[in-house]
Amino acid sequence: MGYPDDALGSGEAVLIHTRTHWKALLGSIVWLALGIVGVVLLLVLLPDGDVENVVRWVGIVGIGLAMLWFALSPLIRWLSSSYTVTTQRIMERNGLLRQTGRNIPLKRVSGVSFEKDVIDRVLGCGTLLIESSAETSNVKFMDVPDVDNMQRVITDLITDVPDDA
């Protein structure tokens, strides 16, 4: 999963480009499992008959629509979200149809830290907190895979950036 070179500035190189952690898909997996259980229950528990068949198919269509909303939309959100660290900036991109993005120039970053709860430690992800002189508060990047490494890379970059850059 590379980052397009035409989106980079002069002399800029990508150091890290990643999606949000797959942990963001856990809710989708739960909804998908519940949907499958619901369809199986409709197929097995409802007796045969004209009215029951209508109820069965209306229920299956309803569950299918709910699965599109609750299971597929988080998958699309996950596929269209990324974090990128280059030699000049930190970027966050989200969205397929309605895209949003945030760029933080490294020269504006005053500090970087991370947070991990117990589940994050087990799964190998966390929240990256970026202190920026341009922002009024910390910028949070949620569910960053290998957050320790990303924090180390950014720290190395901001300590090597000259003040006049």
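Residues numbered from 1 in each chain as written. Predicted model: local features only at pLDDT ≥ 70, side-chain atom pairs only at ≥ 80, totals over all residues. Heavy atoms only, no water.

A.B. asks: Explain the sheet that holds strand β2 (residues 82–86) to me, please; I cannot follow it from the model alone.
C.D. replies: Paired through their backbone hydrogen bonds, the strands of a sheet run either parallel or antiparallel. With antiparallel pairing, the 4 strands of this open sheet are ordered in space as β1-β2-β3-β4. In this open sheet, the two edge strands, each paired with only one partner strand, are β1 (14–19) and β4 (100–105). Sheet twist, expressed as the average angle between the axes of neighbouring strands with direction ignored, equals 10°. Taken together, the 6 bridges between strand β3 (residues 89–94) and β4 define a ladder with antiparallel strand orientation. Paired with glutamate 92 across the strands is arginine 102, a residue of β4. (Pairing = 2+ DSSP bridges. Helix = DSSP H or I, 4+ residues; strand = E, 2+ residues; numbered from the N terminus. Axes fitted to C-alpha atoms, helices over the stretch in contact; angles between N-to-C directions.)

A.B. asks: Explain the sheet that holds strand β5 (residues 109–115) here, please?
C.D. replies: The antiparallel open sheet is built from 3 strands, whose spatial order is β5-β6-β7. Edge positions in the sheet fall to β5 and β7 (139–145), since each of these pairs with one other strand and no more. Averaged over all pairs of adjacent strands, the angle between strand axes in this sheet comes to 25°, irrespective of strand direction. Bridge analysis of strand β6 (residues 125–132) against β7 gives 5 bridges, and the strand direction is antiparallel. Its bridge partner being in β7, leucine 128 is matched across the sheet by phenylalanine 141.

A.B. asks: How should the side chain of threonine 127 be read in this particular structure?
C.D. replies: Positionally, threonine 127 belongs in strand β6. Apart from residues no more than four positions distant in its own chain, threonine 127 is found in contact with Ser113, Phe114, Glu115, Lys140, Phe141, Met142 and Val147. (Contact = heavy atoms within 4.5 Å.)

A.B. asks: Can you walk me through unusual backbone geometry in this structure?
C.D. replies: For residues that are not glycine, phi is negative in most cases, and the peptide bond is trans in most cases. Of note in this structure, aspartate 143 is not a glycine but carries a positive phi near 55°. Examined against the element boundaries, aspartate 143 turns out to sit in strand β7. Accessibility expressed as a relative area gives 17% for aspartate 143, which makes it buried. A positive phi angle is found at aspartate 146, which is not glycine, with a value near 50°. Looking at the element boundaries, aspartate 146 is found in the loop between β7 and α4 (147–160). Judged by relative accessible area, aspartate 146 falls into the partly exposed class, the value being 44%. (Buried < 20%, exposed > 50% of the residue type's maximum accessible area, 1.4 Å probe, protein only.)

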